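Descriptive analysis of the structure
As a plain string of letters, each chain reads:
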Amino acid sequence: MHVSHRHQASRLQLSAAGRLRHFLSTEGLSCELLTEILDTAESFLLPDGGMRREPRLAGCTVMNLFFEASTRTRTTFEVAAKKLSADVVNIDISTSSTSKGETLRDMLWNLEAMDPDIFVVRHNLSGAAHYIAEQVTPRVAVINAGDGQHAHPTQAMLDMLTLRRHAGPFSELCVAIVGDIRHSRVARSNIHALQTLGARAIHVIGPHTLMPTGIEELGVKVFTRLEEGLRDVDVVIALRIQNERMASALLPSAQEFFQLYGLTEERMQLARPGALVMHPGPINRGVEIAGELADGERSVLLQQVSYGIAVRMAVLSMTLQGQKEAG
Amino acid sequence: MHVSHRHQASRLQLSAAGRLRHFLSTEGLSCELLTEILDTAESFLLPDGGMRREPRLAGCTVMNLFFEASTRTRTTFEVAAKKLSADVVNIDISTSSTSKGETLRDMLWNLEAMDPDIFVVRHNLSGAAHYIAEQVTPRVAVINAGDGQHAHPTQAMLDMLTLRRHAGPFSELCVAIVGDIRHSRVARSNIHALQTLGARAIHVIGPHTLMPTGIEELGVKVFTRLEEGLRDVDVVIALRIQNERMASALLPSAQEFFQLYGLTEERMQLARPGALVMHPGPINRGVEIAGELADGERSVLLQQVSYGIAVRMAVLSMTLQGQKEAG
Amino acid sequence: MHVSHRHQASRLQLSAAGRLRHFLSTEGLSCELLTEILDTAESFLLPDGGMRREPRLAGCTVMNLFFEASTRTRTTFEVAAKKLSADVVNIDISTSSTSKGETLRDMLWNLEAMDPDIFVVRHNLSGAAHYIAEQVTPRVAVINAGDGQHAHPTQAMLDMLTLRRHAGPFSELCVAIVGDIRHSRVARSNIHALQTLGARAIHVIGPHTLMPTGIEELGVKVFTRLEEGLRDVDVVIALRIQNERMASALLPSAQEFFQLYGLTEERMQLARPGALVMHPGPINRGVEIAGELADGERSVLLQQVSYGIAVRMAVLSMTLQGQKEAG
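Note that the coordinates shown come from a computational prediction; the quantities given were computed from them, not determined experimentally.

Thresholds applied
- Residues numbered from 1 in each chain as written.
- Chains lettered and ligands numbered in written order.
- Predicted model: local features only at pLDDT ≥ 70, side-chain atom pairs only at ≥ 80, totals over all residues.
- Heavy atoms only, no water.
- Contact = heavy atoms within 4.5 Å.
- Buried area = accessible area lost by both parts, 1.4 Å probe.
- Salt bridge = Lys/Arg side-chain N within 4 Å of Asp/Glu carboxyl O.
- Polar contact = N/O pair within 3.5 Å; in protein donor to acceptor, adjacent residues only side chain to side chain.
- Helix = DSSP H or I, 4+ residues; strand = E, 2+ residues; numbered from the N terminus.
- Nonpolar A, V, L, I, M, F, W, Y, C, P; charged D, E, K, R; others polar.
- Phe/Tyr/Trp six-rings, centres within 6.5 Å; stacked < 30°, edge-to-face > 60°.
- Buried < 20%, exposed > 50% of the residue type's maximum accessible area, 1.4 Å probe, protein only.
- Lys NZ or Arg CZ within 6 Å of the ring centre and 35° of its normal.
- Right-handed = clockwise from strand over helix to strand, strands pointing away.
- Pairing = 2+ DSSP bridges.
- pLDDT = per-residue confidence, 0-100.
- Least-squares fit on C-alpha atoms with pLDDT ≥ 70 in both.
- Axes fitted to C-alpha atoms, helices over the stretch in contact; angles between N-to-C directions.
- Parallel < 35°, antiparallel > 145°, perpendicular 65-115°, else oblique.
- Left-handed = near helix turned anticlockwise from the far one by under 90°.
- Expected span 1.5 Å × (residues − 1).

1. Here we look at the interface of chain C and chain A
- Counting residues at the interface gives 24 residues for chain C and 21 residues for chain A.
- The contact between chain C and chain A buries some 2,000 Å² in all, and 49% of this surface belongs to carbon and sulfur atoms.
- One salt bridge connects Arg72(C) with Glu102(A), and the closest N-O pair in it is separated by 2.6 Å.
- Our enumeration of links across chain C and chain A arrives at twelve residue pairs in polar contact (both at pLDDT 80 or more).
- Among the secondary structure elements, those contributing two or more residues to the side of chain C that touches chain A are helix 3 (71-83) and helix 13 (301-326) of chain C.
- Counting residues per element, the side of chain C that touches chain A draws most heavily on helix 3 of chain C, at nine residues.
- Looking at the side of chain C that touches chain A residue by residue, the classes come out as seven nonpolar, seven polar and ten charged.

2. Here's the deal with the packing of aromatic side chains
- On inspection of all chains with the given rule, the structure shows three aromatic pairs over all chains.
- An angle of 40° between the planes, with centres 5.6 Å apart, marks the rings of Phe257(A) and Tyr261(A) as tilted. In this pair, Phe257(A) and Tyr261(A) both sit in helix 10 (residues 254-261), four residues apart, roughly one turn of the helix.
- Owing to a relative accessible area of 1%, Phe257(A) belongs among the buried residues under this scheme.
- The ring of Phe77(B) carries the charged tip of Arg312(B) above its face, separated from the ring centre by 5.1 Å.

3. Quick look at the interface of chain B and chain A
- Across the contact, 21 residues belong to chain B and 24 residues belong to chain A.
- Buried surface at the junction of chain B and chain A, summed over both partners, amounts to about 2,000 Å²; 50% is from carbon and sulfur atoms.
- Where chain B touches chain A, the interface holds five salt bridges.
- Arg53(A) is the salt-bridge partner of Asp87(B), the closest N and O atoms lying 2.9 Å from each other.
- The interface formed by chain B and chain A contains twelve residue pairs in polar contact (both at pLDDT 80 or more).
- When residues in the side of chain B that touches chain A are grouped by element, the largest group, five residues, is from strand 2 (residues 87-92) of chain B.

4. With respect to the pairing of strand 6 (residues 201-205) of chain A
Residues and elements named next belong to chain A.
- In terms of burial, strand 6 is largely enclosed, as five of its five residues are buried.
- In strand 6, alternate side chains face the same way, and those of Ala 201, His 203 and Ile 205 on one face and Ile 202 and Val 204 on the other are all buried.
- Between strand 5 (residues 174-178) and its parallel partner strand 6, the chain crosses via helix 7 (residues 185-197), and the hand of that crossover is right-handed.
- Direction of pairing for strand 6 relative to strand 7 (residues 221-223): parallel, over a ladder of three bridges. Bridging across to strand 7, His 203 finds its partner in Lys 221.

5. Remarks on the pairing of strand 6 (residues 201-205) of chain C
- Note: strand 5 (residues 174-178) of chain C against strand 6 of chain C, five bridges, orientation parallel. Counterpart to Ile177(C) in the pairing with strand 6 of chain C is Val204(C).

6. Focus: the confidence of the model for chain A
Residues and elements named next belong to chain A.
- Averaged over every residue, the pLDDT of chain A is 92; residues scoring 70 or more account for 93%.
- Here residues 1-5 is a poorly scored stretch, pLDDT under 50, and it has four contacts once near neighbours within four places are set aside; other chains count.
- Our summary of model confidence lists the complex with pTM equal to 0.94 and ipTM equal to 0.93.

7. Looking at the relation of the copies chain B and chain A
- Least-squares fitting of chain B to chain A yields an RMSD of 0.0 Å, with the superposition described by an axial translation of 0.0 Å and a rotation of 120°. Here the symmetry operator amounts to a three-fold rotation axis.

8. Details of the sheet that holds strand 3 (residues 118-123) of chain C
- Taken in spatial order, the four strands line up as 2-1-3-4 (chain C) in an open sheet, and their pairing is parallel. Pairing within the sheet leaves two strands with one partner each, and these edge strands are strand 2 (87-92) and strand 4 (141-147) of chain C. Each strand of the sheet is rotated relative to its neighbour by a mean of 15°, with strand direction disregarded.
- Pairing analysis gives six bridges linking strand 1 (residues 61-66) of chain C to strand 2 of chain C, with the strands arranged parallel. Within the sheet, the bridge partner assigned to Met63(C) lies in strand 2 of chain C and is Val89(C).
- The strands touched by helix 3 (residues 71-83) of chain B are strand 1 and strand 2 of chain C; relative to strand 2 of chain C, the strand with the most contacts, the crossing angle is about 175°.

9. Looking at the side chain of Asp180(C)
Residues and elements named next belong to chain C.
- Inspection of the secondary structure puts Asp 180 in the loop between strand 5 and helix 7 (185-197).
- On the accessibility criterion, Asp 180 (4% relative accessible area) is buried.
- Engagement of the side chain of Asp 180 in a polar contact is seen with the side chain of His 183, the distance being 3.0 Å.

10. Describing the packing of helix 6 (residues 153-166) of chain C against helix 7 of chain C
All names here are of chain C.
- With their axes 8 Å apart at the nearest point, helix 6 and helix 7 run at an angle of 50° to one another. When the interaxial angle is binned, helix 6 and helix 7 end up oblique. Between helix 6 and helix 7 the crossing geometry is right-handed. Residue-level contacts link Pro 153, Gln 155, Ala 156, Asp 159, Met 160 and Leu 163 of helix 6 to Val 186, Ser 189, Asn 190, Ala 193, Leu 194 and Leu 197 of helix 7.
- Each residue belonging to the contact of helix 6 with helix 7 can be placed in one class, and the counts come to eight nonpolar, three polar and one charged.

11. What to know about the pattern of salt bridges
Residue and element names in this part refer to chain C.
- All chains considered together, the criterion is met by 75 salt bridges over all chains.
- We note a salt bridge from Asp 234 to Arg 200, for which the minimum N-O separation is 3.2 Å. Taken as a pair, Asp 234 in the loop between helix 8 (226-229) and strand 8 (235-238) and Arg 200 in the loop between helix 7 and strand 6 lie far apart in primary sequence, 34 residues in all.
- Looking at Asp 234, the relative accessible area reads 14%, which means it is buried.
- Relative accessible area serves as the criterion here: at 36%, Arg 200 is assigned to the partly exposed category.

12. Some points on the sheet that holds strand 1 (residues 61-66) of chain B
Residues and elements named next belong to chain B.
- Pairing is parallel across the open sheet formed by four strands, whose spatial order is 2-1-3-4. Looking at strand neighbours, the two that pair on one side only are strand 2 and strand 4 (141-147), the edges of this open sheet. Recorded for the sheet is a direction-independent mean angle of 15° between the axes of neighbouring strands.
- The pairing of strand 1 with strand 3 (residues 118-123) spans five bridges and is classified as parallel. Residue Asn 64 lies in a different strand from strand 3, and its bridge partner there is Val 120.
- The strands touched by helix 3 within the sheet are strand 1, strand 2, strand 3 and strand 4, with strand 1 carrying the most contacts at an inclination of about 180°.
- Strands in contact with helix 5 (residues 128-135) are strand 3 and strand 4; relative to strand 4, the strand with the most contacts, it is inclined by about 165°.

13. Remarks on the packing of helix 3 of chain C against helix 13 of chain C
Residue and element names in this part refer to chain C.
- Contact geometry of helix 3 with helix 13 gives a least axis separation of 8 Å together with a crossing angle of 60°. As judged from the angle between their axes, helix 3 and helix 13 are oblique. As helix 3 packs across helix 13, the resulting crossing turns out to be right-handed. Of the residues in helix 13, those in contact with Thr 76, Phe 77, Val 79, Ala 80, Ala 81 and Lys 83 of helix 3 are Ile 309, Arg 312, Met 313 and Leu 316.
- For the contact of helix 3 with helix 13, the residue count by class is seven nonpolar, one polar and two charged.

14. Some details on helix 6 of chain C
All names here are of chain C.
- In a regular helix each residue adds 1.5 Å, so 14 residues correspond to 20 Å; helix 6 covers 20 Å between its end C-alpha atoms and thus fits that length.
- Most of helix 6 sits inside the fold, with eleven of its 14 residues counted as buried.
- Every buried residue of helix 6 is listed here: Pro 153, Thr 154, Gln 155, Ala 156, Met 157, Leu 158, Asp 159, Met 160, Leu 161, Thr 162 and Leu 163.
- Downstream of helix 6 by one or two residues, Gly 168 has phi in the positive range, about 105°.

Laid out in structure tokens, this is it:
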């Protein structure tokens, strides 16, 4: 998280004119640009909860390159791209091409020779989307749909849109993030976005074993006790607990986790009045969050999903535009 | 099959104005409504065997939710929806999301937050489509593409369209259904549709072990000997034998089944002159039906497939319209 | 490769008026027709390396029937068809329908009853596409996307387009094909196309064990030593080595193969000045071709991929047109 990294990330994501041409990370993007993403996303929202269709990607080909299976995230990008009239080609690489011994670079060169406009990339390795954006031909935009433990910037931006619409201006917000902070690309992307958008305070809450060393340098307050971390908070974002992680002894059992860090209506009383709960989904009821809380008035979980479509529509159309203007 | 069930099913499937808003079952729908489905389907048929394209679903998103793999049925819905200019998103849930431990209800809420218009649902549990229609937000239509041993209403309606076009008015028809009646959603859906449309008589033919108890109450005549059941019949619908079932000792071997219940040209002589044969496919030649019969003049198997596209186009456009009018 | 075969292939591929209605093989097609494919493909190429979109397949349904998994080839056809505004339905038959015990013929009849316009067929058995074209209803075009060791005609035509655009008129070209000639559908389809288009000379280079008996009768010169085969050559097409084959003792190890038949910049000095290298992909760097050569000035590997989209657009639109005129 050094300045040089930020510069590199912003250099790669932006055109010479400062327009978004790839969307890889919330790190290194300006408050103006993140706000433009939120404004664009909001322009697609209809009053009834649906999304406005616009043919901004008509005649364009979006390739969903999923090196790691994720039906849910792939579906959100497919729905968003089709609402913009794009042609969508799903390429499930986890099962197919790597088995033929081709290098990632060769595969990319091949795919870009097929004349696509946008690559949506999901990969289990941190940095994969950056690598692809560095390698790719200038006229193809790359959107990071989650890379290892590094970043999940569209998830962060849908969280930001949820905050802006349901919790008020960022400068007044104290946001807590609860769970496995160390391994979470969602936490990382959210912290960068919240900092850039000027959140009043950020709390990260979780067991010592799941707290990355030096996280305080990002300007967050660290809590290992949920009850302390919830004080003064306007919104709580619960992270998804990976079952794989629990097997590895870094995490207590699901039951123990719920006892220590599970969000309940009772515990939410410690936060500010009317404090909201969010979760990137899919939720484990009774692990990260009590079922009643997820279904209750404080929950904006399903709004998050809808805003996710709008945010992906925004990022797809903005990066396409950025590439065109740069080209 | 009690009256209360019928009322419940019709209440769920129809809007307050009596329009089709979900299509879950042929049970509980009126003769007028089933006839409207047939008329709408017929309006899509071209004289050359092709289907008329109409952009009635332009700007709409159809999600094919297949909790049970069925390439054939998924393909028919995908083709039908695309002929109506819909955006289609295929979601193969058998392999993906349930592995993340999400509940069905949470998954549905998430998917409906993505702003779809229609869910096409295939599930191995009876009642799944009803459950989903009960849970779903008002503006999303649910179409049952087969749920366990309960119903397969689009298959029934394509069978009805085949009967109407190739065998004459329902009031004059005696239809036999042959095979594993007990486990067949096709048999169940066909019996309800035939009753409602006023078929002259329905014969169900199969071994005792594969005959549901109390089936006579549905107004059908039960036969355990094929030769007896075929008498006076205008059309014979052979059901597909599931190989899984034969392993379970409920069914004799494939060879024995063919000897007892397999349809042949010779046996068809027992039926009325010119009697037709139908089969939902895929057929097992030499098990449910002799190859020559399947390929011969009595066979309308391939017309059934074509009408299946037209019926799905009808149901997709009618439920969409029903939702819009209700909303 | 007898005359009767050629006649049969051309009879099946052409309408009574001599128009392309199926595309199964480069064998048996005239120089005029292959040239028309190249001209049509070229008309889709834009100066910037992209492809011109045209709605020639608007309102048409293309079914990708892949009996053998090939994400790459399926993707090229899907991209090509969508650039022509077709509706595309992907049917992965390797995993699905054969498990239900249906015959290939029954499956085809079923699929054609769904009112498609074009079948794109990939199959691991030689002759599968011909068989399907023989069986299929007149109004459906069949395009061979690779059948066993028999033919891969769209690969051959993209190779021809690459030659025409980058190496000059066919009558002046000497083309070498290197590798496992015996098992290669690409080699077979390329040899037929090169002969028909009037190439000056064709060299086939590979170990004795991988050279089909009687190949000289096709009018090619056989070389077992790479160094000899490269002399006087304008273009070298390296074939992909199948790893499966190496396990079978027909082939030496990857390292040995590279020592004997691997293309390097040094060895390319034996060919004509400025000689080009081609490869159908995906490449095994350091097996069939040195990495520097693949990435160097002689390489037209990525142009091949782009032309592959244009050639598939050409073949899709020409066969559709051929069917319409015939119908």
